[in-house]
Amino acid sequence: MQVEFYRHSLEEKDMDNVLAVLRSVFLTSGPVGAKFEAKFADFTGIPHVVALSSCSGAMHLTLLALGLAPGDEVITTPMTFIATSTVIMHCGAKPVYVDVEPDTGLLDASKVEAAITPRTKGILPVHLYGAMCDMKALAAIAQKHNLFIVEDCAHAIECSRDGVRPGEMSEASCYSFYATKNLTCGEGGAIACHGADMAALARQLANHGMSKNASGRYHGKYEHWDMVAEGWKYNLDDIRAALLVDQLDRLRGLRQRRQAIVDRYDAGFAGAPGITRPRAPGTSAHHLYTLWVDPERRDAILHELKGRGIGVAVNYRAIHTLTHLRNTLGYAPEDFPEAYRIGLSTITLPLYPKLADDQIDYVIETVRDVAK
Ligand SMILES: *Cc1c(COP(=O)(O)O)cnc(C)c1O
């Protein structure tokens, strides 16, 4: 049996929406993106949404809009995708890592205060695998020390914890619509924030720092545009936004299927020798299903699963151990022992709504056999 690592849940309707854009005048950021932004604001409950070409771009612009500058520090996690750190470095600032909780893999709020220095400007937590960090604890620390919080919500749209949803207790939350994310248009992202000023600034910085975007130049009478800041090119075009508008309506339903798959996996791996897995506090978005196995055998298990037709990944090897970040930031692997250990033990299994029950059972049976 073959079990692919990921399959999207796009439907004919979404593809028709793309064709409608292709048949219209406007291909870049325009009315479809604006419609998605309004719907996403409604979904998240956060008033201002800026649709962008990636979550990396979203985090970069958010940090710039918050005034992050060379010499500043941002506290974040080494158990994440590299973008969570590189966006801090794009601003000339330094990622300062705090280790993760041993049982969840989430940024350990109890260790954050010890990492604060006079240069610390903010905290960038990641809701890993779809499970939320302890936002109440992080927000209390941020308030006490006058720090901003920007949430990396690449794994986390449809989740909550302690009655808190992403974006509710921070300056901004940043989302990814990358090919394998729960909501996808291939490549895409968004900022959701509370301040109209921050959204306007992010929108301007996403478009070269121009005073008008293409839609503004197309509609209405001719007016010169100005360059008012040095910006980037991070806007989302309407071709890709067209894949998101109706897909968003299905997201909660798709999460139900993800939950059922996770329940089936959990039951299948219960008591299996050599297999444990992170605890997911709150209501997880169930973006990724990861297991922890013997670090000595992890790579052999990965190869064996791949050989038996199962798509696997590692989310993640602790990023402070990767060559460039290790050389640039100068951390040793053991500086963050929990993240390091998790990074050596992790295997990510297929998790997506289209996964059939017999595929799930094949994965369970094969993993149990290989890991024992
Ligand atoms: C995918 C991902 C990103 C980057 O998202 P892009 O849209 O590809 O820029 C950032 N953080 C985490 C945790 C991710 O998984």
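Residues numbered from 1 in each chain as written. Predicted model: local features only at pLDDT ≥ 70, side-chain atom pairs only at ≥ 80, totals over all residues. Heavy atoms only, no water.

In the annotation of an unreviewed UniProt entry, the chain is listed under the name Glutamine--scyllo-inositol transaminase and assigned to Solidesulfovibrio fructosivorans JJ]. In the Sequence similarities (unreviewed entry) part of its UniProt record, the chain is described as follows: "Belongs to the DegT/DnrJ/EryC1 family." (UniProt positions renumbered as here; feature names shortened; annotations may be inferred.)

Engineer: I tried to follow the UniProt feature "active site" (unreviewed entry) in the chain on my own but got confused; where do I start?
Structural biologist: As recorded in UniProt, the sites labelled "active site" (unreviewed entry) are Lys181. With respect to the helices and strands, lysine 181 occurs in the loop between β6 (172–176) and β7 (189–193). Beyond its immediate sequence surroundings of up to four residues, lysine 181 is in contact with Tyr6, Ala154, His155, Ser176 and His287. (Helix = DSSP H or I, 4+ residues; strand = E, 2+ residues; numbered from the N terminus. Contact = heavy atoms within 4.5 Å.)

Engineer: Is there a simple way to think about the site of the ligand in this case?
Structural biologist: The full set close to the ligand counts 17 residues, and Ser56, Asp152, His155, Ser176 and Lys181 are the nearest of them. Here an oxygen atom of the ligand sits 2.8 Å away from a polar atom, N or O, in the main chain of cysteine 55. Contact between the ligand and tyrosine 316: an oxygen atom at 3.0 Å from a side-chain N or O atom of the residue. When the ligand sits alone it has 380 Å² of accessible area, and the protein chains cover 92% of it. Put simply, the parts of the chain that give the shell around the ligand at least two residues each are α3 (55–65) and α4 (83–90). (Near = heavy atom within 4 Å. Polar contact = N/O pair within 3.5 Å; in protein donor to acceptor, adjacent residues only side chain to side chain. Areas by Shrake-Rupley, 256 points an atom, 1.4 Å probe, with all protein chains shown as cover.)

Engineer: Explain the domain arrangement of the chain to me, please; I cannot follow it from the model alone.
Structural biologist: Segmenting the chain into domains produces domain 1 (12–249) and domain 2 (250–371). Spacing between the C-alpha centres of domain 1 and domain 2 amounts to 25 Å. Counting from both sides, the interface comprises 44 residues of domain 1 and, opposite them, 38 residues of domain 2. Both faces considered, domain 1 and domain 2 share a buried interface measuring about 3400 Å² in area, 61% of it formed by carbon and sulfur atoms. Our count for the contact surface shared by domain 1 and domain 2 stands at two salt bridges. A salt bridge links aspartate 103 to arginine 279; the nearest nitrogen and oxygen atoms lie 2.8 Å apart. Remark: the boundary between domain 1 and domain 2 carries 20 residue pairs in polar contact (both at pLDDT 80 or more). Sorting the residues of the side of domain 1 that touches domain 2 by element identifies α4, β3 (94–97) and α9 (247–269) as the ones contributing at least two each. Here the element with the most residues in the side of domain 1 that touches domain 2 is β3; it accounts for four residues. Among the residues making up the side of domain 1 that touches domain 2, the classes are represented as 22 nonpolar, 11 polar and 11 charged. (Domains from an automatic or database assignment. Buried area = accessible area lost by both parts, 1.4 Å probe. Salt bridge = Lys/Arg side-chain N within 4 Å of Asp/Glu carboxyl O. Nonpolar A, V, L, I, M, F, W, Y, C, P; charged D, E, K, R; others polar.)

Engineer: Would you take a moment to explain a nonpolar patch on the surface for this structure?
Structural biologist: There is a patch of nonpolar side chains on the surface, built from Leu19, Leu22 and Leu27 and spanning about 240 Å² of accessible area. When you line up the elements, leucine 19 lands in helix α1 (residues 12–22). We classify leucine 19 as partly exposed; its relative accessible area is 36%. (Patch = residues over 30% accessible without salt bridge, like charges linked within 9 Å, V, L, I, M, F, W, Y side chains within 5 Å. Buried < 20%, exposed > 50% of the residue type's maximum accessible area, 1.4 Å probe, protein only.)

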